[in-house]
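Below are the chains, spelled out letter by letter.
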Amino acid sequence: MSTVYKTSTDELHAWIRAEVELAGRPAEGSSGAAVRRVQEWLNLHDRGVVVDGDFGTATKQAVQDFQEARSLPETGAVDPETWKDLVRPMTEVLVKRLDSSYPDFALAIIEYAKAHLASHPREVGDRNRGPWVRLYMRGNQGNDWAWCAGFVTFLMTQAADSMEVPPPIEGSCRCDDLAKQAIDAGLFVEEEDADWERLHKGNVFLIQRAPGDWNHTGVVLRAGPTAFTTVEGNTNDTGGHEGYEVCRRTRSYTSTDFIKMCKEQHIPTEHGGDN
């Protein structure tokens, strides 16, 4: 099973298929998990309904409005074509498969980070909840499932699945685990040892809350002498570690460690651009 597919969602892990495959034909009077997913995706498309698992008149109207906007038959029921359009932002990042000869693992991570950023993943329904959170957290969601590390791990896994190589580290839903794995693999770079001219885009950053304790992570998009730009999840415009979306940010090097995505890296990112 994989985190990317070529021809069919059957190739995906079960927890991913649950997010992108239609269960039944939700319509007015339906209830349950399939209806909740419909309501979540309606909200992600700015249709504004309550996520309660009950397909009432408001949900029907929101579906009809969505269908009208997409030039689909305005039935108010969620058929395969309507569902396909609802989940398209997610399937677009799952069907993106790089050639196995792609020259650089870290740059492959950047390709996937940009694809996810373009789909604007964000929470819906409540804190750390919704289809994107479950995608990054292997089906889990809720207050205890801060998802920045899960986002980074998913990008690494997509790059590895696409290039048909093992990832540099296993990955985890916890920042501290990512740091330990990197230390064990000889890929960890402490703040005082970080050299921006050798900081390859696609490397992972870790925000240190206290010695041996990290509470936020993301991917380096570009490095400069005093700051670096990122793609990161579970943050927002305040830069906190318990935000609600995937976004691009600019950060200083203060209290920041890094994980290299390969043993030897010699490409100065300031000269490589960030398109």
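Structural data are supplied above this passage.
Residues numbered from 1 in each chain as written. Predicted model: local features only at pLDDT ≥ 70, side-chain atom pairs only at ≥ 80, totals over all residues. Heavy atoms only, no water.

A. Representation of the overall build of the chain. Regarding its fold elements, the chain presents 9 helices and 6 strands. Put simply, the chain has 275 residues, and 52% of those count as buried. Within the chain, counting contacts between residues at least 6 apart in sequence, those at least 24 apart form 56% of the total. Carbon and sulfur atoms make up 46% of the accessible area of the chain, which amounts to about 12100 Å² in all. When the 29 basic and 43 acidic side-chain charges of the chain are each reduced to a single mean position, those positions are 2 Å apart. (Helix = DSSP H or I, 4+ residues; strand = E, 2+ residues; numbered from the N terminus. Buried < 20%, exposed > 50% of the residue type's maximum accessible area, 1.4 Å probe, protein only. Contact = heavy atoms within 4.5 Å. Areas by Shrake-Rupley, 256 points an atom, 1.4 Å probe, with all protein chains shown as cover. Lys, Arg positive; Asp, Glu negative; His and termini not counted. Charge placed at Lys NZ, Arg CZ, Asp CG, Glu CD.)

B. How the structure looks around the pattern of salt bridges. Scanning the entire structure with this criterion turns up 15 salt bridges. Residue Glu 19 is joined to Arg 37 by a salt bridge in which the shortest nitrogen-to-oxygen separation is 3.0 Å. Within this pair, whereas Glu 19 is found in helix H1 (residues 14–20), its partner Arg 37 is found in helix H2 (residues 33–44), the two being separated by 18 residues in sequence. For Glu 19, a relative accessible area of 1% gives the class buried. Since its relative accessible area comes to 18%, Arg 37 is described here as buried. The salt bridge involving Arg 127 is made with Glu 242; its shortest N-O contact spans 3.1 Å. Of this pair, Arg 127 sits in the loop between helix H6 (105–119) and helix H7 (131–136) while Glu 242 is found in the loop between strand E4 (227–235) and strand E5 (245–252), placing the two residues 115 residues apart along the sequence. (Salt bridge = Lys/Arg side-chain N within 4 Å of Asp/Glu carboxyl O.)

C. Local environment of the packing of aromatic side chains. Following the criterion strictly, the structure yields 10 aromatic pairs and no others. Aromatic pair Tyr 136 and Trp 147: ring centres 5.7 Å apart, planes at 15°, arrangement stacked. Taken together, the positions of Tyr 136 in helix H7 and Trp 147 in the loop between H7 and helix H8 (148–163) put the pair 11 residues apart, joining distant regions of the chain. Like Tyr 136, the residue Trp 147 is buried in the burial classification. Measuring from centroid to centroid gives 5.7 Å for Phe 188 and Trp 214, while their planes differ by 80°, and the two rings are edge-to-face. Here Phe 188 is found in strand E1 (residues 188–189), whereas its partner Trp 214 is found in strand E3 (residues 213–223), with 26 residues between them in sequence. Comparing Phe 188 with Trp 214 shows no difference in burial state: the two are buried. Every member of this aromatic cluster is reached through a ring pair, and the members are Trp 41, Trp 132, Tyr 136, Trp 147, Phe 151 and Phe 154. (Phe/Tyr/Trp six-rings, centres within 6.5 Å; stacked < 30°, edge-to-face > 60°.)

D. Expanded view of the packing of H6 against H8. It is at 9 Å that the axes of H6 and H8 come closest, and there the two elements cross at 120°. Relative to H8, H6 is oriented oblique. The handedness of the crossing between H6 and H8 comes out as right-handed. Listed contacts from H8 to Phe 105, Ala 108, Ile 109, Tyr 112, Ala 113 and His 116 of H6 are Phe 151, Phe 154, Leu 155, Met 156, Gln 158, Ala 159, Ala 160, Ser 162 and Met 163. A class-by-class count of the residues in the contact of H6 with H8 yields 12 nonpolar, 3 polar and no charged. (Axes fitted to C-alpha atoms, helices over the stretch in contact; angles between N-to-C directions. Parallel < 35°, antiparallel > 145°, perpendicular 65-115°, else oblique. Left-handed = near helix turned anticlockwise from the far one by under 90°. Nonpolar A, V, L, I, M, F, W, Y, C, P; charged D, E, K, R; others polar.)

E. Spatial organisation of the nonpolar core. Leu 94, Tyr 136 and Ile 259 are the most contacted members of the largest nonpolar core, which totals 65 residues. The dominant element in this core, judged by the number of residues it contributes, is H8, at 10 residues. Not counting residues up to four positions away in its chain, the partners in contact with Ile 259 are Ile 169, Leu 178, Ala 182, Leu 187, Asn 203, Val 204 and Leu 206. Grouped together as the second largest cluster of nonpolar side chains are 9 residues, Leu 199, Ile 207, Val 220 and Phe 258 included. (Core = buried A, V, L, I, M, F, W, Y, C linked by side-chain atoms within 4.5 Å.)

F. Focus on the environment of Arg 198. Counting through the fold element by element, Arg 198 comes out in the loop between E1 and strand E2 (204–210). Distance in space between the C-alpha atoms of Arg 198 and Asn 140 is 36 Å, their sequence separation being 58 residues.

G. Spatial organisation of H2. End to end, H2 covers 17 Å across 12 residues, agreeing with the expected 16 Å (1.5 Å per residue, within 8%). In terms of burial, H2 is a largely internal element, 9 of the 12 residues being buried. Among the residues trailing H2, Asp 46 stands out with phi positive, at a value near 65°. (Expected span 1.5 Å × (residues − 1).)

H. Spotlight on the pairing of strand E6 (residues 256–259). Here E6 shows no split at all, with Thr 256 and Phe 258 on one side and Asp 257 and Ile 259 on the other all buried. Of the pairings in the sheet, the one linking E1 to E6 comprises 2 bridges and is antiparallel in character. The partner of Phe 188 across the bridge, within E6, is Ile 259. Relative to E6, E2 runs antiparallel, the two being bridged by 4 bridges. In the sheet register, Val 204 faces E6, and the bridge partner there is Ile 259. (Pairing = 2+ DSSP bridges.)

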